Amino acid sequence: GCGAAGAVYVFTGWGASWSLEAYLKAPNAEAHDHFGSAISCSMNTVVVGAWGEDSCTTAVSSVAAADNGCLFSGAAYIFKRASARASCGVLQHT
């Protein structure tokens, strides 16, 4: 299975009215990657950390790494919205 692979839910709204805008997963999701362990956003960009990602890749690429040779090396994934928003808020489970 993919236990602890992780996911991020992006919601938009105001006050009491919120709706799911996006469901984000790492393109190379695997068990114990912990995608979503760190999240930052600004305007139309969301950066998601995955401290358990095991890839040895060091270059910035739009192609997901397939190797698992560097245990717990971690990764950051950048997602951009198709249209800009005025603000960005993140709710993390604690």
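Before reading on, note that the structure itself is shown above.
This text gives an overview of the structure that appears in the document. (Residues numbered from 1 in each chain as written. Predicted model: local features only at pLDDT ≥ 70, side-chain atom pairs only at ≥ 80, totals over all residues. Heavy atoms only, no water.)

**Quick notes on the overall build of the protein**
Along the backbone of the protein there are 0 helices and 5 strands. Ordered by position from the N terminus, the helices and strands of the protein form the series β-β-β-β-β. For the protein, the accessible area works out to roughly 6300 Å², and carbon and sulfur atoms hold 60% of it. (Helix = DSSP H or I, 4+ residues; strand = E, 2+ residues; numbered from the N terminus. Areas by Shrake-Rupley, 256 points an atom, 1.4 Å probe, with all protein chains shown as cover.)

**As for the pattern of salt bridges**
All told, the structure shown has 1 salt bridge when counted by the stated rule. Measuring nitrogen to oxygen at the nearest pair gives 3.2 Å for the salt bridge that ties Arg 81 to Glu 21. Linking Arg 81 in the segment after β5 (75-80) with Glu 21 in strand β2 (residues 17-24), this pair joins segments that are 60 residues apart in sequence. The class for Arg 81 is buried, based on a relative accessible area of 16%. (Salt bridge = Lys/Arg side-chain N within 4 Å of Asp/Glu carboxyl O. Buried < 20%, exposed > 50% of the residue type's maximum accessible area, 1.4 Å probe, protein only.)

**Re unusual backbone geometry**
Despite not being glycine, His 34 has its phi angle at roughly 60°, a positive value. Here His 34 shows up in the loop between β2 and β3 (35-42). Even without glycine at this site, Met 43 takes up a positive phi of about 50°. Within the element layout of this structure, Met 43 appears in the loop between β3 and β4 (45-50).

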